[in-house]
There are 2 protein chains.
Amino acid sequence: ARQSKRTKRAKKASKPCSLREVEVTVSELGLGYYSDETLLFRYCSGNCNASRRNYDLILEKWTRKGISKRERSPCCRPKEYDDISFLDNSNRYQALHEFSALACGCV
Amino acid sequence: ARQSKRTKRAKKASKPCSLREVEVTVSELGLGYYSDETLLFRYCSGNCNASRRNYDLILEKWTRKGISKRERSPCCRPKEYDDISFLDNSNRYQALHEFSALACGCV
């Protein structure tokens, strides 16, 4: 079972950074709003191996303490964000700023 | 000993994302160039807690598999890069593109 888990992880890591989407209800967002409205939540995920600069190659080999793993290579993150609005279960209009990704990039 | 290690980590995590610098010799960069010339290598490190958007707050609570920890919150990364040139130990002129950070940000 352990072997199969490792294989799955390796496969996931090989997909490049891209915009992905999933349908969620507002309540599932976990932000404290309650609504059964379904939203399309877009997020950024995937590897950024192809975007490594000399800077990243240096940090990869860096043994200095205090630099976290996530600072050593490009991050797959949103380049633009989208707002969203919805009606909560009390029929109040709610707006969420920078809710979802619009475009992704390796930064 | 374990407790003291955890305390140190917690202190480091509380410094916000900023440009830091360290003096290194070219050989220490680990890129396969050999020179005793000393360079100022600038890098980005620190936490980005203050830069969290609704997007990040949603991903933080996200239990969906396949999203890595580093994609769940802003990364402290260079916004601009600097090139550098040096003489290697064979007296050849070498140039490294995007070698060092010039400015950092939470992306």
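Residues numbered from 1 in each chain as written. Chains lettered and ligands numbered in written order. Predicted model: local features only at pLDDT ≥ 70, side-chain atom pairs only at ≥ 80, totals over all residues. Heavy atoms only, no water.

1. Examining the state of the cysteines
Residue and element names in this part refer to chain A.
Next up, step 1: Throughout the structure, instances matching the rule amount to 7 disulfides over all chains.
Next up, step 2: The partner cysteine of Cys48 in its disulfide is Cys106, sulfur to sulfur 2.2 Å. Disulfide Cys48-Cys106: the torsion about the S-S bond is -85°, which places it as left-handed. Within this pair, whereas Cys48 is found in the loop between strand E2 (38-45) and helix H2 (54-60), its partner Cys106 is found in strand E4 (residues 93-106), the two being separated by 58 residues in sequence. (Disulfide = S-S within 2.5 Å. Helix = DSSP H or I, 4+ residues; strand = E, 2+ residues; numbered from the N terminus.)

2. Remarks on the pairing of strand E3 (residues 76-87) of chain B
Residues and elements named next belong to chain B.
Next up, step 1: Across 10 bridges, E3 lies against strand E4 (residues 93-106) in antiparallel orientation. Opposite Tyr81, over in E4, you have Ala101 as the bridge partner.
Next up, step 2: Where E3 folds back onto E4 in an antiparallel hairpin, the turn is made up of 5 residues, including Asn91, whose phi is positive at roughly 60°. (Pairing = 2+ DSSP bridges.)

3. Some details on the relation of the copies chain A and chain B
Next up, step 1: Overlaying chain A with chain B gives an RMSD of 0.0 Å, the required rotation being 180° about an axis along which the chain moves by 0.0 Å. Such a combination of rotation and displacement between the chain copies is what one expects of a two-fold axis. For chain A, the minimum C-alpha distance to the rotation axis belongs to Arg70 of chain A and amounts to 2.9 Å.
Next up, step 2: The overlap is high: 100% of the interface residues of chain A also sit at the interface in chain B, so the same surface is used on both sides. (Least-squares fit on C-alpha atoms with pLDDT ≥ 70 in both. Contact = heavy atoms within 4.5 Å.)

4. Quick word on the interface of chain A and chain B
Next up, step 1: With 43 residues of chain A in contact, the opposing surface of chain B contributes 43 residues.
Next up, step 2: Counting each side, the surface lost to burial between chain A and chain B is near 3,700 Å², with a carbon and sulfur contribution of 55%.
Next up, step 3: The interface formed by chain A and chain B holds 4 salt bridges in total.
Next up, step 4: A salt bridge links Asp56 of chain A to Arg77 of chain B, with the nearest nitrogen and oxygen atoms 2.8 Å apart. (Buried area = accessible area lost by both parts, 1.4 Å probe. Salt bridge = Lys/Arg side-chain N within 4 Å of Asp/Glu carboxyl O.)

5. Focus: unusual backbone geometry
Next up, step 1: Positive phi outside glycine occurs at Asn91 of chain A, with the angle close to 60°.
Next up, step 2: Among the structural elements, Asn91 of chain A can be located in the loop between strand E3 (76-87) and E4.
Next up, step 3: Phi is positive for Glu98 of chain B, which is not a glycine, with a value near 50°.
Next up, step 4: Relative to the assigned elements, Glu98 of chain B resides in strand E4.

6. Considering the confidence of the model for chain A
Next up, step 1: On average, residues of chain A score 85 in pLDDT, and 83% of them are at 70 or above.
Next up, step 2: Averaged pLDDT values over the elements of chain A bottom out at 50 in helix H1 (residues 2-13) of chain A and peak at 95 in E4 of chain A. (pLDDT = per-residue confidence, 0-100.)

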